[in-house]
2 protein chains.
Amino acid sequence: MTTSLALRRLDAADPDFPRHLDYLLSWESVSDEAVNRRVLDILQAVRERGDAAVVEFTRRFDNVEAGSMAELILPRERLELALTRISPEQREALEKAAGRVRLYHERQKQDSWTYTEADGTVLGQQITPLDRAGLYVPGGKAAYPSSVLMNAIPAKVAGVAEVVMVVPTPRGELNELVLAAACVAGVDRVFTIGGAQAVAALAYGTESVPQVDKIVGPGNIYVATAKRHVFGQVGIDMIAGPSEILVVCDGQSDPDWIAMDLFSQAEHDEDAQSILVSPDADFLERVAESIARLLPTMERAEIIRTSLEGRGALIRVTDLEQAIAVANRIAPEHLELSVADPQRWLPKIRHAGAIFMGRYTAEALGDYCAGPNHVLPTSGTARFSSPLGVYDFQKRSSIIFCSAAGASELGETASVLARGESLTAHARSAEYRIKA
Amino acid sequence: MTTSLALRRLDAADPDFPRHLDYLLSWESVSDEAVNRRVLDILQAVRERGDAAVVEFTRRFDNVEAGSMAELILPRERLELALTRISPEQREALEKAAGRVRLYHERQKQDSWTYTEADGTVLGQQITPLDRAGLYVPGGKAAYPSSVLMNAIPAKVAGVAEVVMVVPTPRGELNELVLAAACVAGVDRVFTIGGAQAVAALAYGTESVPQVDKIVGPGNIYVATAKRHVFGQVGIDMIAGPSEILVVCDGQSDPDWIAMDLFSQAEHDEDAQSILVSPDADFLERVAESIARLLPTMERAEIIRTSLEGRGALIRVTDLEQAIAVANRIAPEHLELSVADPQRWLPKIRHAGAIFMGRYTAEALGDYCAGPNHVLPTSGTARFSSPLGVYDFQKRSSIIFCSAAGASELGETASVLARGESLTAHARSAEYRIKA
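Residue positions are given per chain, counted from 1 along the sequence in the order it is written. Lettering of chains starts at A and numbering of ligands starts at 1, both following the order in which they are written. A pLDDT threshold of at least 70 governs which residues receive local features in this predicted model, and a stricter bar of 80 or more applies before side-chain atom pairs are shown or counted, although totals over entire chains, interfaces and linings include all residues. The side-chain quantities take in all heavy atoms of the structure and omit both hydrogens and water.

- By the naming in an unreviewed UniProt entry, chain A goes by Histidinol dehydrogenase and is assigned to Azotobacter vinelandii.
- UniProt positions are given in the numbering used here, feature names are shortened, and annotations may be inferred rather than shown by experiment. Turning to chain A, the UniProt record has this under Function (unreviewed entry): "Catalyzes the sequential NAD-dependent oxidations of L-histidinol to L-histidinaldehyde and then to L-histidine."
- Quoted verbatim from the Sequence similarities (unreviewed entry) field of UniProt, the annotation for chain A is "Belongs to the histidinol dehydrogenase family."

Topic: the sheet that holds strand β12 (residues 313-316) of chain A
Step number 1: Pairing within the open sheet is mixed, and its 9 strands lie in the order β1(A)-β12(A)-β11(A)-β10(A)-β13(A)-β14(A)-β15(B)-β4(B)-β3(B). The open sheet terminates on both sides in strands that have one partner only, identified here as β1 (9-11) of chain A together with β3 (113-116) of chain B. Neighbouring strand axes in the sheet, compared pairwise and without regard to direction, differ in orientation by 20 degrees on average.
Step number 2: As judged from the 4 bridges shared by strand β11 (residues 273-278) of chain A and β12 of chain A, these two strands associate in the parallel manner. Directly across from S278 of chain A, in β12 of chain A, lies its bridge partner R316 of chain A.
Step number 3: On top of the sheet, helix α13 (residues 320-330) of chain A reaches β10 (244-249), β11 and β13 (334-338) of chain A; it is set at about 170 degrees to β10 of chain A, its chief contact. Strands are labelled as partners when DSSP assigns at least two bridges between them. Think of it this way: any DSSP run of H or I at least four residues long counts as a helix, any run of E at least two long counts as a strand, and we number them from the N terminus. For helices, the fitted axis covers only the stretch in contact; all axes are lines through C-alpha atoms, and the angles between them, taken along N-to-C directions, range from 0 to 180 degrees. Should any heavy atoms of two residues lie within 4.5 Å, those residues are counted as being in contact.

Here we look at the relation of the copies chain A and chain B
Relating one copy of the chain to the other requires a rotation about an axis plus a shift along that axis.
Step number 1: The copies are overlaid by a least-squares fit using only the C-alpha atoms of residues whose pLDDT is at least 70 in both copies. Least-squares fitting of chain A to chain B yields an RMSD of 0.0 Å, with the superposition described by an axial translation of 0.0 Å and a rotation of 180 degrees. Here the symmetry operator amounts to a two-fold rotation axis.
Step number 2: Of all interface residues in chain A, 100% are interface residues in chain B too; the two copies therefore contact each other through one and the same surface.

Concerning the UniProt feature "binding site: substrate" (unreviewed entry) in chain A
Step number 1: Look at the UniProt record and you will see "binding site: substrate" (unreviewed entry) annotated at S243, Q265, H268, H334, D367, E421 and H426 of chain A. Separation in sequence by 184 residues is matched in space for these annotated residues, since their most distant C-alpha atoms are 55.6 Å apart.
Step number 2: Leave out the neighbours within four places in its chain, and Q265 of chain A touches S243, E244, I245, A272, Q273, S274, E333, H334 and E363 of chain A.
Step number 3: Within the fold, H268 of chain A resides in the loop between α10 (255-266) and β11.
Step number 4: Dropping the residues within four chain positions of it, H268 of chain A is found in contact with Y144, S243, R300 and I303 of chain A together with L423 and H426 of chain B.

Some thoughts on the interface of chain A and chain B
Step number 1: Contacts between the two partners involve 118 residues from chain A, matched on the other side by 118 residues from chain B.
Step number 2: Note on definitions: buried area is the accessible-area loss of two parts on being combined, 1.4 Å probe, summed for both. Three residues stand out in chain A for area buried against chain B, namely Y368, I400 and R433 of chain A, and they jointly supply 7% of the buried area on that side.
Step number 3: Salt bridge criterion: a side-chain nitrogen from Lys or Arg within 4 Å of a carboxyl oxygen from Asp or Glu. Residue R433 of chain A pairs with E336 of chain B through a salt bridge whose shortest N-O separation is 4.0 Å.
Step number 4: Counting of polar contacts relies on pairs of N or O atoms within 3.5 Å, with two restrictions inside protein: one atom must be capable of donating a hydrogen and the other of accepting it, and residues adjacent in sequence are counted only when both atoms are side-chain atoms. Between the two partners, chain A and chain B, sit 66 residue pairs in polar contact (both at pLDDT 80 or more).
Step number 5: Sorting elements by how many residues they give to the side of chain A that touches chain B places helix α16 (residues 404-420) of chain A first, with 11 residues.

With respect to the pattern of salt bridges
Residue and element names in this part refer to chain B.
Step number 1: This model, assessed by the stated rule, comprises 54 salt bridges over all chains.
Step number 2: R419 is the salt-bridge partner of E431, the closest N and O atoms lying 2.9 Å from each other. Residue E431 is found in helix α17 (residues 424-432), and its partner R419 is found in helix α16 (residues 404-420); the two are separated by 12 residues along the sequence.
Step number 3: E431 gets classed as partly exposed once you look at its relative accessible area, which sits at 26%.
Step number 4: Think of it in three bands: residues with accessible area under 20% of the maximum for their type are buried, residues over 50% are exposed, and the middle band is partly exposed, with areas taken using a 1.4 Å probe on protein chains only. According to the relative accessible area criterion, R419 is partly exposed, its value standing at 42%.

Description of the packing of aromatic side chains
Step number 1: Any two rings among Phe, Tyr and Trp, with Trp reduced to its six-membered ring, count as a pair given centres within 6.5 Å; such a pair is stacked if its planes are under 30 degrees apart, edge-to-face if over 60, and tilted if neither. Overall, the coordinates contain 13 aromatic pairs over all chains when judged by the stated rule.
Step number 2: Relative to Y115 of chain A, the ring of W113 of chain A has its centre 6.3 Å away and its plane inclined at 0 degrees; by these criteria the two rings are stacked. Taken as a pair, W113 of chain A and Y115 of chain A share a single burial class, namely buried.
Step number 3: Pairing W113 of chain A with Y104 of chain B gives two aromatic rings, centres 5.3 Å apart and planes at 40 degrees, and the pair type is tilted. Separated into two different chains, W113 of chain A in strand β3 (residues 113-116) and Y104 of chain B in helix α5 (residues 88-106) make up a pair that spans both.
Step number 4: We classify W113 of chain A as buried; its relative accessible area is 17%.
Step number 5: Exposure remark for Y104 of chain B: the relative accessible area of 0% places this residue in the buried category.
Step number 6: Here the aromatic residues Y104 of chain A together with W113 and Y115 of chain B are joined through ring pairs into a cluster of three or more.

As for the domain arrangement of chain A
Residue and element names in this part refer to chain A.
Step number 1: Each domain's extent is set by a domain assignment, obtained either automatically or from a database. According to the domain assignment, chain A contains domain 1 (6-27 + 241-381), domain 2 (31-234) and domain 3 (401-430).
Step number 2: Relative to domain 2, the C-alpha centre of domain 1 lies at a distance of 31 Å.
Step number 3: Taken together, the 11 residues of domain 1 in the interface contact 11 residues of domain 2.
Step number 4: Our count for the contact surface shared by domain 1 and domain 2 stands at 0 salt bridges.
Step number 5: Along the contact surface separating domain 1 from domain 2 lie 4 residue pairs in polar contact (both at pLDDT 80 or more).
Step number 6: Among the residues forming the side of domain 1 that touches domain 2, the class breakdown is 5 nonpolar, 5 polar and 1 charged. As a working rule, the residues Ala, Val, Leu, Ile, Met, Phe, Trp, Tyr, Cys and Pro are called nonpolar, Asp, Glu, Lys and Arg charged, and the rest polar, with Gly in that last group.

Observations concerning α16 of chain A
Step number 1: By definition here, a helix of n residues has an expected span of 1.5 Å times n minus one. The end-to-end C-alpha distance of α16 of chain A is 24 Å, a good match for the 24 Å that 17 residues give at a rise of 1.5 Å each.
Step number 2: Fitting axes to the seven residues ending at a residue and to the seven starting there, one defines the bend at that residue as the angle between these axes. By the largest-angle criterion, G411 of chain A marks the main kink of α16 of chain A, which is about 30 degrees.
Step number 3: Structurally, α16 of chain A contributes buried residues whose contacts are with α17 (424-431) of chain A together with α5 and α15 (363-368) of chain B.
Step number 4: Positive phi shows up at S422 of chain A, right after α16 of chain A, with a value of about 60 degrees.

Some words on the pairing of β13 of chain A
Residue and element names in this part refer to chain A.
Step number 1: The buried count for β13 comes to 5 of 5 residues, which makes it a mostly enclosed element.
Step number 2: Of the two faces of β13, the one holding H334, E336 and S338 and the one holding L335 and L337 are both buried throughout.
Step number 3: One ladder, built from 5 bridges, connects β10 with β13; its direction is parallel. What sits directly across from V248, in β13, is L337.
Step number 4: Taken together, the 4 bridges between β13 and strand β14 (residues 354-357) define a ladder with parallel strand orientation. Its bridge partner lying in β14, L335 is registered against I355.

Quick word on the sheet that holds strand β5 (residues 132-136) of chain A
All names here are of chain A.
Step number 1: With mixed pairing, the 6 strands of this open sheet are ordered in space as β2-β7-β6-β5-β8-β9. Since the sheet does not close on itself, it has two edges, and those belong to β2 (73-74) and β9 (235-236), each with one partner.
Step number 2: Alignment of β2 against strand β7 (residues 189-191), held across 2 bridges, turns out to be antiparallel. Among the inter-strand pairings, L74 is bridged to a residue of β7, identified as V190.
Step number 3: Contacting β5, β6 (162-166) and β8 (214-216), helix α6 (residues 145-158) runs over the sheet at an angle of about 160 degrees to β6.

With respect to the packing of α5 of chain B against helix α7 (residues 176-185) of chain B
All names here are of chain B.
Step number 1: Where α5 meets α7, the axes come as close as 10 Å, and the angle between the chain directions of the two elements is 40 degrees. Classified by the interaxial angle, the pair formed by α5 and α7 is oblique. Remark: the crossing between α5 and α7 carries right-handed chirality. Contact residues: Q90, L94, E95, A98 and R102 in α5; L177, A180, A181, V184 and A185 in α7.
Step number 2: Class assignment of the residues belonging to the contact of α5 with α7 gives a composition of 7 nonpolar, 1 polar and 2 charged. In what follows, roughly perpendicular refers to angles from 65 to 115 degrees, roughly parallel to angles under 35, roughly antiparallel to angles over 145, and oblique to any angle outside these ranges. Helix crossings get a hand from a simple test, with the near helix turned counterclockwise from the far one by less than a right angle marking a left-handed crossing and a clockwise turn marking a right-handed one.

Quick look at helix α8 (residues 195-204) of chain B
Residues and elements named next belong to chain B.
Step number 1: Burial of α8 is extensive: 10 of the 10 residues sit out of reach of the surface.
Step number 2: Residues of α8 that are buried: G195, A196, Q197, A198, V199, A200, A201, L202, A203 and Y204.
Step number 3: Elements that come into contact with the buried residues of α8 comprise α2 (33-49), α3 (51-62), β5 (132-136), β6 (162-166), β8 (214-216) and α9 (221-230).

A look at the pairing of strand β15 (residues 394-401) of chain B
It is a general feature of regular strands that their side chains alternate between the two faces of the sheet.
Residue and element names in this part refer to chain B.
Step number 1: Among the 8 residues of β15, 7 are classified as buried, and the element is accordingly described as predominantly covered.
Step number 2: Two elements, strand β4 (residues 122-129) and β15, share 8 bridges in a ladder whose sense is antiparallel. Bridge pairing in β15 links G124 to I399.

What follows is the structure in structure tokens.
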């Protein structure tokens, strides 16, 4: 059985291709003034009234019958209980994934460094973990245990003393897999709160919720808007756009595999973007056939169809060189290089969140258990940003320790430049240290 | 001659001290709705009308008689000319400072890394520079050549191919020192534009101004607001608050030196914050005397007085242990450890932008030429952020290259977790790669 499906086809040889590509990639988050105002009200209420406001909003928005904040706290034992309630197979998979993610992220840990100059002056950077990180985990249908692993493990590897998780429980529903993942990842405290009120509680602190230094994790428009507003008060990770995959294929992979890889991105939501680029026009059509044949067998067929028809594309290019140029223009969140010799093309990739090399590396392996993080820059932001990592939970302090001789010599230079900027106190402060 | 000066004195032994300290540190940037609206209008105009809008705003706001964008471009030769127009002493100081800043930042450069697992699977990160960076430099009285060095050099060390500088020239005034610094730092192109219109031009690109990937550098409220709005479209550095210094002293340094170090922060502007902490009550009073005696000799006496009276403080503590606790609570931009054995205290510093160790290391040396960056996290954001560095101009792409055996094994784990999240396309994409 096949279903007709309106798939967009582009050809890089078309003089209008750059314009078509720009249009295909255009996506802007809606900035909703009504949402903005509601979020600001919630932030202010939590800032002023703390726990009381959080409990109120949680009752109203999540339909949770909580009388006080004490009822919205999950002790560590509850997380351990969850680990016994999931299947042994799930527990093993969670622990295997966590182990691999931990091993990979250990390699990202950075150490303090210094060097000493001839005159005894010491320069360097001292690298320290954040004191406390907040992890937002969505409730309901988008509750992903893998996301708990990917956000909490880098923080713990960095040495963050306390990871505080918030997760809403609409109508009191707890997701055992999410709690089990929190247990495996080493989350220290869990509050069953969500929305802008949870972000506010983490950013400002309340009687019960400790103030954190950085808030990470995905969320809906209220959560994203709240994070934007508290940025500066605390650190935040990127505000994520819809998920995307770009598959570059030489035409020699199994078309069903490529179709399913495109589906695996498209099934996230209607705004997700799946694009295939190949120099082989016949192959593009074979993938289109696989898509049409496999689509009706998918649980999330309607989401996949909407996503593929609205934002997907099959792009024909002259050769792989041009395919890589298209990839660099897109700066995709996920880039699959389903080609014979991916190592050859790797050095030419300038912008991508994660690069999945060769025919065996399905993007889904990276989502769950290969080791690298699945929190990646979207919407072309890979041009200037990176996967979530241990480095997001460490920060640096410059170290400057001048010897008397070093201060004297540097003082001469500083004095000239400070006077050039008319900053006389700077100049005189430096001049005091110049030897007579 | 002494002048009476109302300096705030706090004592950490006072039960109300935490509250007083909170109040002293409280500072929030004013979010001005009128500014916000004007900035949004400017951003939209530049986005829609490009060069024409930029020229219009530049004529209106900067009083510059430009007929077209071509008149707002400075060629590289103009920067070289500036280098011949400053004094030989200034040129030498600029070059010495640039050399030291470059050497220090070379140590921050990060390299791609991979490791290979037993089954042949390769994991790692590819590290690449941004393609293009934009550097905002304020015009008029706050035009600081040192800021050009500190922002441009890390970008060039990272390997950024093109550094584009924008600097407004109110009434056509060019600052030769700023242009000379741009020449020494290796800036590639300069446009004499400023304000929100310059930020918009860099973020969206115009016919003449190339779109950049990240915008760094200080600016007024219009520039800061514009940067906040274009964040996401491009990367930005921190939105800086007022400059601050915290001096921790054991009471054995020259009180005049400490007074001048406090001045060197206070002279920046009326909102700047200078705080001295010491266990030696007599010493605090001796510094107060130095302040009163030296203040009338300062060019910027009125700014310093306003800053010290409004936001400064002398804090008495029981011992240095408590002084360090206060420092960690404040998470200062600049921390001066003017004590006998600063190495002893260094490991206890959890949060600070830069740490100036020992009696000889005046903060001013770090501002100009010691080597470390002078762009540092303010307003307590050192709790979660770092000095500007080479790492701000590099980004990472995860590398995942599974062997057939690796993909088969990982596929089992991914399948279990994906089905636990009801993401069937993810599961099936992974399962295709499991060996029969």
